[in-house]
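# Architecture and fold: a report
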Amino acid sequence: MDRICRQDIRKSIEHILAIFNSEEYDELLSKLEKAKSSEDVNSIVQYESQIKELSKNFEFDIWMESFINEKVKGISVVTHCGKGVHSAIKNCNINYILQAKPKFQGYISSATPLNLSFDCTNNAARQTSVFKFFNQIVKDDITLFQLIITAHPEVLNALSDDHHKANQYFDALKKAISNNFENLKSSDLNKQIFWPNSEDSYFSQQENNYRLLMPLHPNSLCYEVFQKIQARYSEENTQRSNEKDIEYNSYFSFKDLAVLKLGGTKPLNVGQLNQIQNGRNFLLPSMPPIFEKSQFPSISKQQKTIFNNALQYFCRFGFKLLFDMVESPKNIVEERDDRKDAFSVILSLLLKFARHIQTTLPAGWSRDYSFDFNQKLWLDPRRADLEDEENFKNQYEQGSWQKELEKQFASWIQKILKNKFKNIEKQFDDVEYSEWRSEFNAAVKASQRKREGIF
């Protein structure tokens, strides 16, 4: 911006005002652009000469005063407006471009785009001219809007040779851009939301524990979204989508879109950007997520053991085999085989669940859980690699926790069988208890031989 001088700004203002005030000028300018495109030197010289002569017939000061008084007054340059909520709302706007942006953003908002487009609203008959004026490029893609909001030192000199008039024009332009955030106004037609200041506000009897929020339509953000989505129809993206070899020609698309039409048959009444969009505002899918129920039981921080009713249900097919074995007529060979099949299913599912916990939860997760310490050593092995976990690492490497798991597993089986078969609960004592420990120990060794990483 430092390289921009008064002449650059004045020339760009003259250019845009001339377009507003002269159809002939606009036609000559169009012919000049075509001549430049075709590199027709003679035509370029001819049209530039005609434009120069035509410009002498216009008074810049008259143009400028007419533009300020007849176009700018009453127009608001905004990023959010009330007309998107209700078309009859007036003077209920803000310009977020002028506000400090948050350093940390947890969600997409009007603060997300680096260069947010502005909109013009409040008077459909005038706002198009004002919109084009502020978007007029001065030099190096820098617009009049950028120069005005940054108060470039050469702007005043370019607006008028009369210092007093220049200040009047500049104030009028700044007023159109700026909002008075100290005295914000709402409308009877606008929606309003009472929002609690803290978690305790809802239960408080104090009447001043709420903020009054006034929703506005985010014109500029909706325009950014519109442009992104419309880019799917670009020639490049369309060509890529029709290519057979999509491995090297990726393209983008948007699914499940809805369209909200604003302004009815007169989208310009809402704002200039809404007019460019022909009133269409795209709505992205905001449906609740579809959660897939995990095949594994959930665990809670208050839970003290993995051996609970949820795990029994998870291993229910194995327990059905075990219950059927207990209820069937005694046959030593069949009983031994049935019991082996039952424990094979139970232990297979148990180890599968343990592996799921070990691999899906972050290292050190067990610090905040109430699990038995031996089970923490088993289910959270990566915790031993963390800092300040020397005791945990030593206990894990000693391996005595595996014997404790055998006991806990056997006690779990014993408790289930005693509750299921109360009339013969005395049959499930020390001998059976030792067998169940042996089954668990055998499963541990088999897993270690296969190097499954569960123990």
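Provided above is the structure to which this section pertains.
This write-up is about the structure you can find in this document.

Reading guide: rules and limits
Residues numbered from 1 in each chain as written. Predicted model: local features only at pLDDT ≥ 70, side-chain atom pairs only at ≥ 80, totals over all residues. Heavy atoms only, no water. Axes fitted to C-alpha atoms, helices over the stretch in contact; angles between N-to-C directions. Helix = DSSP H or I, 4+ residues; strand = E, 2+ residues; numbered from the N terminus. Parallel < 35°, antiparallel > 145°, perpendicular 65-115°, else oblique. Left-handed = near helix turned anticlockwise from the far one by under 90°. Contact = heavy atoms within 4.5 Å. Nonpolar A, V, L, I, M, F, W, Y, C, P; charged D, E, K, R; others polar. Phe/Tyr/Trp six-rings, centres within 6.5 Å; stacked < 30°, edge-to-face > 60°. Buried < 20%, exposed > 50% of the residue type's maximum accessible area, 1.4 Å probe, protein only. Lys NZ or Arg CZ within 6 Å of the ring centre and 35° of its normal. Core = buried A, V, L, I, M, F, W, Y, C linked by side-chain atoms within 4.5 Å. Salt bridge = Lys/Arg side-chain N within 4 Å of Asp/Glu carboxyl O.

### Thoughts on the packing of helix H1 (residues 6-21) against helix H5 (residues 124-134)
Look at H1 against H5: their axes get within 10 Å of each other, and the N-to-C directions meet at 155°. Overall, the two elements H1 and H5 adopt an arrangement that is roughly antiparallel. Pair H1 / H5 crosses with right-handed handedness. Each of Ile13, Ile16, Leu17 and Phe20 in H1 lies in contact with H5, whose residues at this interface are Ser129, Lys132 and Phe133. Its residues assigned to classes, the contact of H1 with H5 comprises 5 nonpolar, 1 polar and 1 charged.

### Looking at the packing of aromatic side chains
Each aromatic ring pair is specified by the distance between its two centres and by the angle formed by the two planes. Scanning the model with the defined rule gives 27 aromatic pairs in all. Between Phe20 and Phe67, the aromatic rings sit 6.0 Å apart at their centres with planes inclined by 20°, giving stacked as the arrangement. Taken as a pair, Phe20 in helix H1 and Phe67 in helix H4 (residues 60-72) lie far apart in primary sequence, 47 residues in all. Given a relative accessible area of 4%, Phe67 falls into the buried group. Aromatic pair Phe409 and Phe440: ring centres 5.2 Å apart, planes at 35°, arrangement tilted. Taken together, the positions of Phe409 in helix H17 (residues 401-420) and Phe440 in helix H18 (residues 430-449) put the pair 31 residues apart, joining distant regions of the chain. Each member of the pair, Phe409 as well as Phe440, carries the same accessibility label: buried. A network of ring pairs unites the aromatic residues Phe307, Phe319, Phe323, Phe343, Trp378, Phe409, Trp412, Phe421, Phe440 and Phe455 as a single cluster. Above the ring of Tyr96, the side-chain terminus of Lys101 is found at 5.0 Å from the ring centroid. Across the ring face of Phe323, the terminal group of Lys420 is positioned such that the distance to the ring centre comes to 5.3 Å.

### Section: the nonpolar core
In this structure, Ile9, Ile13, Leu17, Met64, Phe133, Phe134 and Leu159 are the most contacted members of the largest nonpolar core, which totals 49 residues. Listing elements by their share of this core, those giving two or more residues are H1, helix H2 (23-38), helix H3 (41-55), H4, H5, helix H6 (144-149), helix H7 (155-159) and helix H8 (163-177). For this core, the element with the highest residue contribution is H8, accounting for 7 residues. Setting aside chain neighbours within four positions, we find Leu17 in contact with Phe60, Trp63, Met64, Phe67 and Phe133. Grouped together as the second largest cluster of nonpolar side chains are 46 residues, Leu311, Leu351, Phe421 and Ala443 included.

### What to know about the pattern of salt bridges
This structure, assessed with the given rule, holds 12 salt bridges. Among the salt bridges present, the one from Arg3 reaches Asp140, with a minimum N-O distance of 2.7 Å. With Arg3 in the segment before H1 and Asp140 in the loop between strand S5 (137-139) and strand S6 (142-143), this pair connects stretches of sequence that are 137 residues apart. Through salt bridges with shared partners, a single ionic network connects Arg6, Arg10 and Asp161.

### What to know about the environment of Gln168
Structurally, Gln168 can be placed in helix H8. On the basis of relative accessible area, Gln168 is assigned to the partly exposed category, the value being 44%. Through-space distance from the C-alpha of Gln168 to that of Thr265 is 37 Å; in sequence the pair is 97 residues apart.

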